[in-house]
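Structural overview
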Amino acid sequence: MQITVTGRRAQVTDRFRRHLDEKLEQLAHIAPEVTSCEVLWSHEPNPRRADGAERIEITCRDKRTVVRAEAAAEREYEALDAALAKVTERLRRLKDRRKVHKGRPKASVAEATAPLEPVGNGESLVEEATRHQREAEMVEAGIDISMLPSDPVVAGLGGDANCPISVRTKVHEAEPMSLDQALAHMELVGHDFYLYVDAETGRPSVVYRRHGWSYGVIHLDTPAEDAASGKAAATDAA
């Protein structure tokens, strides 16, 4: 290990250098990959800062990383020991991280299960586990899970089996509900939107998340509803 010691407004004595060499020799056993170590000793002449008059900065380098630590104390040996303790701990952590991540990187659950065949309804194992967890949460909240969408039907666009664009279709049996109930259902399933039938108007509606605690609602008017409303108005007028 190449060791460089520099004094700024401080004279590096032989005693200090020997003490430093002994400490860095112990450091070399912990982190043998360190190729160089730079030590900067700075003296603060201001008497008001006597408790931190001596500052030691240590910079250790290897082929990939740079580890630094510094400490200040009233005496240079105290500052040196404190800085060495910090840099030693950081080198130990770096060594532990390299041990954990050494070799082939670990794959996530989604990546590991991606090559597996879909289960039953086309869901991956991760999707199925997530769905079961959400269903359990909804049961605990007193929501009837029979109202959840049925298994998706996957087909090509326009019914063409050779079409590369696939469409997943779900049939959802829904009971009319209020806006507050729709918001609660949306939060439980963890989606950014929720399709429901408005209990007051009977219209198909979608509540969606905007930003923060702000939401939006879209209501649909169908031609059949408009015609029925017009017919009812004409009957009342007659």
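Check the entry above for the structure.
For the structure given in this document, a descriptive report is provided here. (Residues numbered from 1 in each chain as written. Predicted model: local features only at pLDDT ≥ 70, side-chain atom pairs only at ≥ 80, totals over all residues. Heavy atoms only, no water.)

1. Examining the sheet that holds strand 2 (residues 36-43)
- Reading across from one edge, 1-2-3-4 is the order of the four strands in this open sheet, with mixed pairing throughout. Sheet topology places strand 1 (2-8) and strand 4 (66-73) at the edges, where each strand pairs with a single neighbour. This sheet shows a mean twist of 10° between the axes of neighbouring strands, independent of strand direction.
- Its contacts with the sheet place helix 1 (residues 14-30) against strand 1, strand 2 and strand 3 (54-61), and it is angled at close to 140° to strand 1. (Pairing = 2+ DSSP bridges. Helix = DSSP H or I, 4+ residues; strand = E, 2+ residues; numbered from the N terminus. Axes fitted to C-alpha atoms, helices over the stretch in contact; angles between N-to-C directions. Contact = heavy atoms within 4.5 Å.)

2. With respect to the packing of aromatic side chains
- Taken as a whole, this structure holds two aromatic pairs when the rule is applied.
- A network of ring pairs unites the aromatic residues Phe16, Trp41 and Tyr77 as a single cluster. (Phe/Tyr/Trp six-rings, centres within 6.5 Å; stacked < 30°, edge-to-face > 60°.)

3. Looking at the sheet that holds strand 8 (residues 204-211)
- Strand order in this open sheet of three strands is 7-8-9, and the pairing throughout is antiparallel. Of all strands in the sheet, those bounded by a partner on one side alone are strand 7 (193-197) and strand 9 (214-219). For this sheet, the mean inter-axis angle between neighbouring strands, taken without regard to orientation, is 25°.
- Bridge analysis of strand 7 against strand 8 gives five bridges, and the strand direction is antiparallel. Note that in strand 8 the partner of Phe193 across the bridge is Tyr208.

4. Considerations on the nonpolar core
- In this structure, Ile56, Ile58, Cys60, Val87 and Leu91 are the most contacted members of the largest nonpolar core, which totals 26 residues.
- Secondary structure elements with two or more residues in this core: helix 1, strand 2, strand 3, strand 4 and helix 2 (76-101).
- Looking at which element gives the most residues to this core, the answer is helix 2, with eight residues.
- If we skip the residues at most four places from it in the chain, Ile58 touches Cys37, Glu38, Val39, Val67, Arg68, Ala69, Leu80, Ala83, Leu84 and Val87.
- Formed by six residues, the second largest nonpolar core is a distinct cluster that contains Met177, Ala182, Tyr194 and Val207. (Core = buried A, V, L, I, M, F, W, Y, C linked by side-chain atoms within 4.5 Å. Buried < 20%, exposed > 50% of the residue type's maximum accessible area, 1.4 Å probe, protein only.)

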